[in-house]
Amino acid sequence: MQNHPPKPPVVLAIGGHDPCGGAGIQADIESIGANGCHAASVVTCLTIQDSCNVSRLIPIPPDTITAQAQAVIDDCPVAVIKIGLLGSLSAAEAVVALLRENPHQPVVFDPVLTAGGGRDLANESLLPLLRRELLPCCSLVTPNTGEASRLAGSEAEGVIDNDGRALLGLGPQAVLITGTHDQSRPSEVANRLYQADKSPIVSVCPRLAGEFHGSGCTLAAAIAAAMARGEGIEDAVRQGLEYSWMSLRHGFRLGKCQSMPERLFKYPRQKPEDDE
Ligand code: PLP
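Residues numbered from 1 in each chain as written. Predicted model: local features only at pLDDT ≥ 70, side-chain atom pairs only at ≥ 80, totals over all residues. Heavy atoms only, no water.

J.: Can you tell me about the state of the cysteines, naming the residues and giving the values?
T.: Evaluation of the coordinates by the stated rule reveals one disulfide. With no disulfide of its own, C45 has C217 as its nearest cysteine by sulfur position, at a separation of 11 Å. By relative accessible area, which is 0% here, C45 ends up buried. Residue C137 stays outside any disulfide, its sulfur separated by 6.4 Å from that of C138, the closest cysteine. (Disulfide = S-S within 2.5 Å. Buried < 20%, exposed > 50% of the residue type's maximum accessible area, 1.4 Å probe, protein only.)

Right, here's the structure in full:
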């Protein structure tokens, strides 16, 4: 009898395309592959951008998004759906409808509201839909501190625990608020995981110099891959944080502004220099 190699778990990544390859769906595909899974991918919007900022979003028709994603789900054993930049209200509505059609799929949602260069990527009209309809479908939501306070609609910016609890109250199983944008900690980054009926789990790592393009995508995709491999949320978050920190640690600056993460190593670590 012929021996077949083991099949990798499938993560369906739904997000925008960044032509410079640092963020978006390309980041997802690399991160998911490096973390031992197969990436299926559906593009919600094209973008015009470079390593400095995004200048334009070009939405993909919502029925194309739905038809592509459903075709993959009907054909392959999708273990986890990872959602990134939606780029338009109609894309967000299409994704919510898709999740309602497939209510048992674990979902990791990275709410991309602003580009690293500062450009707003989410119209205010999108926020109520994200809060009321998308967040309740999610296993894990991974905003940075700025995205968390905007999504939570908080008045007092900087009270991170309040935002974590407010977002958890909207219905996801867990919320991970990443601390890169929290400049009150100049030499470290504190990431906080909120789950119902548990104290927040805070993990602190050394802050790396420079700015990176696609760090949030890299992290959320690595966590989705770990969940697809069968890890629970706490272990998946721990592994995803370790992998993405290593990918930034070995990142490279190709363009004029933000550096690109180096994602193409197998995780758990196999390169000797990763032990540094
Ligand atoms: N997805 C796309 C297509 C983007 O263009 C961007 C940022 O510009 C992001 C996601 C978010 O990138 P980051 O992971 O740096 O927040």
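Back to the text.
J.: Could you give an account of the packing of aromatic side chains, naming the residues involved and the relevant values?
T.: For the structure on display, the rule yields two aromatic pairs. For the pair Y243 and F265, a centre-to-centre distance of 5.1 Å together with 40° between the ring planes defines the contact as tilted. Of the two residues, Y243 sits in helix α8 (residues 233–249) while F265 sits in the segment after α8, which places them 22 residues apart along the sequence. Taking relative accessible area as the criterion, Y243 reaches 0% and is therefore assigned buried. Seen from their ring centres, Y243 and Y267 are 5.9 Å apart, and the 75° between their planes marks the pair as edge-to-face. (Phe/Tyr/Trp six-rings, centres within 6.5 Å; stacked < 30°, edge-to-face > 60°. Helix = DSSP H or I, 4+ residues; strand = E, 2+ residues; numbered from the N terminus.)

J.: Help me get a handle on the site of the ligand, residues and values and all.
T.: Close contacts around the ligand come from 14 residues, with G24, Q49, G214, G216 and C217 the closest. A distance of 2.6 Å separates an oxygen atom of the ligand from a polar side-chain atom of Q49. A distance of 3.4 Å is found between an oxygen atom of the ligand and a backbone nitrogen or oxygen belonging to S215. When the free accessible area of the ligand is taken as 400 Å², the share hidden by the protein chains comes to 94%. Using a 2 Å cut-off from the grid points, one finds that the ligand occupies the largest pocket. Contributing elements (two or more residues each) for the shell around the ligand: β1 (10–17) and α7 (215–228). (Near = heavy atom within 4 Å. Polar contact = N/O pair within 3.5 Å; in protein donor to acceptor, adjacent residues only side chain to side chain. Areas by Shrake-Rupley, 256 points an atom, 1.4 Å probe, with all protein chains shown as cover. 1 Å grid on protein atoms, 1.4 Å probe; cavity = no way out; pocket = protein on both sides within 12 Å on 5 of 7 lines; lining within 4 Å. Sits in = over half its atoms within 2 Å of the grid points.)

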